[in-house]
Amino acid sequence: MKRLRRNPDESDPETNPDPDGEGSFSKDQHERKCGLSSMKMMGFFVVALMVVSVVFSVSIVLQDPPSDGVLESGKNVRFLDVMESSKEEQVLEVQPQKVVGPVDDDAPSVEVRKDKLLGGLLAAGFDETSCVSRYQSVLYRKESQHKPSPYLISRLRSYEALHKRCGPYTESYNKTLEKLKTRHHLESTDCNYLVWISFSGLGNRILTLASAFLYALLTNRVLLVDPGTDMVDHFCEPFPEVSWFLPLDFPLKNQFGSFDQKSPHCYGRMLKNSSFANSSKSILAPFVYLHLVHDYDDQDKLFFCDEDQTSLREVPWLIMKTDNYFVPSLFLIPTFEQELSNLFPRKEAVFHLLGRYIFHPTNPVWGLITRYYQAYLAKADERIGIQIRVFDTGTGPFQHVLDQIIACTLKENLLPDISMEKPIINQSQKSKAVLVTSLSGGYFERLRDMYWEHPTVTGEVIGFYQPSHEEYQQTEKQFHNRKAWAEMYLLSLTDVLITSSWSTFGYVAQSLGGLKPWILYKPENRTAPDPPCGRVMSMEPCFHAPPFYDCKAKRGIDTGAVVPHVRHCEDMSWGLKLVDNGSELKA
């Protein structure tokens, strides 16, 4: 029987040259062994590099999102700063994140690039955490159809440089302030100022502050804002590096409350007393008070004349009090005509652009806005705003106002009718969120119950939401105004808007949002008007108390018929508003 041998035989020197395992190889065998080992090590090294590369790539893709993510239209999105060749070309890139829970396959993609500088309207370089709304608001709005002109962008950057050079506590500011303290008629200075007095309700203040800024832009003045009781709480600083708020130690600040038409430095009174006109010394008066409140008289209204603008040009300090959006009358001053045309090729976009440039909610207000939007409005297919302002005395809600609102929404197909007979079996997948703002909660409750108790004829799901109902206006209450500012802003984020006649609250919302609302005509004798509402000509606010005077002819004139782009308002027949005429709309 032949015995099987192990292969190799551990005791055979020919088959096992190292039976003791001590590694006494021959030279050739040693070289072959080393070569194989080197190749194996190199292979392991290459594989290890590939594994590390894959793990690193996966970790980058799957890393946790940044903490400042927000929700938009029910989707989780995050912000990325995209570095461009120019710092002023930064954009927000919105990308979908992993969402826990059911996924809506029909939801629109949110992979869009958003221009956080609004086409150059906003300046880059702000600390984004100090005012989150400045660059994040673009994520809550549709892209505006009204782009700033290159000339407007250039003038805004020039103004920012002027404000930085002449703002509070700068050398130029301190020098010009000395003229005010000493009341000396010194030579003209490098910087002239327009001081805006905080006056009237919040809607009026927003409109008048935009008017004052445009006037400052036209006259190369530095705008300084009286903080009042709550302006710092509501609005971020709009200009880089130097504040726009008037210092608390400003010498005339304690007199602001007493300034009126009887004040010695009131421009209208100075004209009556002939102490200003045709006097070279008085032209260099240290300051002039401009009374542009709704009760101003014919002499005060001469502010809107070319000749008077020339007289005011060298006055270092102009102090302005107004409750009017007086921009339309600036377009009737020949001196400003060409400049305004260059700034705003589209006339109806004046407040839309200036408002988005100036008014950024502070972080506390932005929190109110975004929390409410995400909780109640974000997931709807369409957002409708209804702004209700009632001027009737007595306790509401009033039936004629409710009837008017319902008639408007049904007539204009803004909301579907309800079915009073049988339920709708086939429910539509479309939802509408209706944001109601009113001092009274009664209109919201009646509308909500109407659409809760009865199905819509279309099967659409309608939800009604009202952030607050303060019952009466509380102009000097800080948190009341904070909520009012938040509600104006929320209305501006809707897709469709209904506003009330004569309401500056509604004017702010429509212009910030770039919306042409349906306006509820003012009821007479507590009867709903027929028609109940109508579409506005433009999104511009209405100037409620304009002058009717021809400065050259020195006689009365219909200032709503002088130029095609300044017309009478839909809700106030004597008011003026800016519109785009037919030829401009085709351009």
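Residues numbered from 1 in each chain as written. Predicted model: local features only at pLDDT ≥ 70, side-chain atom pairs only at ≥ 80, totals over all residues. Heavy atoms only, no water.

If you check an unreviewed UniProt entry, the chain appears there as Fucosyltransferase from Gossypium darwinii. In UniProt, the chain has this text filed under Function (unreviewed entry): "May be involved in cell wall biosynthesis." (UniProt positions renumbered as here; feature names shortened; annotations may be inferred.)

Asks: I would appreciate a short explanation of the sheet that holds strand β5 (residues 193–196) in the present structure.
Replies: For sheets, the rule is that strands pair by backbone hydrogen bonds, running either parallel or antiparallel. What the four strands build is an open sheet, ordered β6-β5-β8-β7; its pairing is parallel. Lying at the two open borders of the sheet, with one neighbouring strand each, are β6 (222–225) and β7 (287–292). For this sheet the average axis-to-axis angle between neighbouring strands, irrespective of direction, equals 25°. Sheet topology note: the β7/strand β8 (residues 317–322) ladder contains six bridges and is parallel. (Pairing = 2+ DSSP bridges. Helix = DSSP H or I, 4+ residues; strand = E, 2+ residues; numbered from the N terminus. Axes fitted to C-alpha atoms, helices over the stretch in contact; angles between N-to-C directions.)

Asks: Could you clarify how one ought to interpret the side chain of T208 in this entry?
Replies: Mapped onto the secondary structure, T208 falls in helix α5 (residues 202–219). The buried category is assigned to T208, whose relative accessible area is 0%. Ignoring sequence-local partners within four residues, the contact set of T208 consists of W196, T322, D323 and N324. (Buried < 20%, exposed > 50% of the residue type's maximum accessible area, 1.4 Å probe, protein only. Contact = heavy atoms within 4.5 Å.)

Asks: Help me understand the packing of helix α13 (residues 363–377) against helix α16 (residues 478–492) in this model?
Replies: Helix-helix packing: each pair is described by the crossing angle between the helix axes and the interaxial distance. Where α13 meets α16, the axes come as close as 9 Å, and the angle between the chain directions of the two elements is 50°. Taken together, the axes of α13 and α16 lie oblique to each other. Considering only the axes of α13 and α16, their crossing is right-handed. On α16, the residues touching P364, V365, W366, L368, I369, Y372, Y373 and L377 of α13 are R482, W485, A486, Y489 and L490. By residue class, the composition of the contact of α13 with α16 is 12 nonpolar, no polar and one charged. (Parallel < 35°, antiparallel > 145°, perpendicular 65-115°, else oblique. Left-handed = near helix turned anticlockwise from the far one by under 90°. Nonpolar A, V, L, I, M, F, W, Y, C, P; charged D, E, K, R; others polar.)

Asks: Got a minute to help me understand unusual backbone geometry in this structure?
Replies: Where the residue is not glycine, phi is negative for most of them; where a peptide bond is considered, it is trans in most cases. Going from D530 to P531, the amide bond is cis rather than trans, its omega being 5°. Locating P531 in the fold gives a position in the loop between β13 (518–520) and β14 (533–535). Backbone geometry places L118, a non-glycine residue, at a positive phi of 55°. Tracing the chain through its elements places L118 in the loop between β4 (112–114) and α2 (133–136). Assessed through its relative accessible area of 22%, L118 is described here as partly exposed. The backbone of E241 shows a phi angle near 75°, a positive value even though the residue is not glycine. By relative accessible area, E241 is classed as exposed at 69%.

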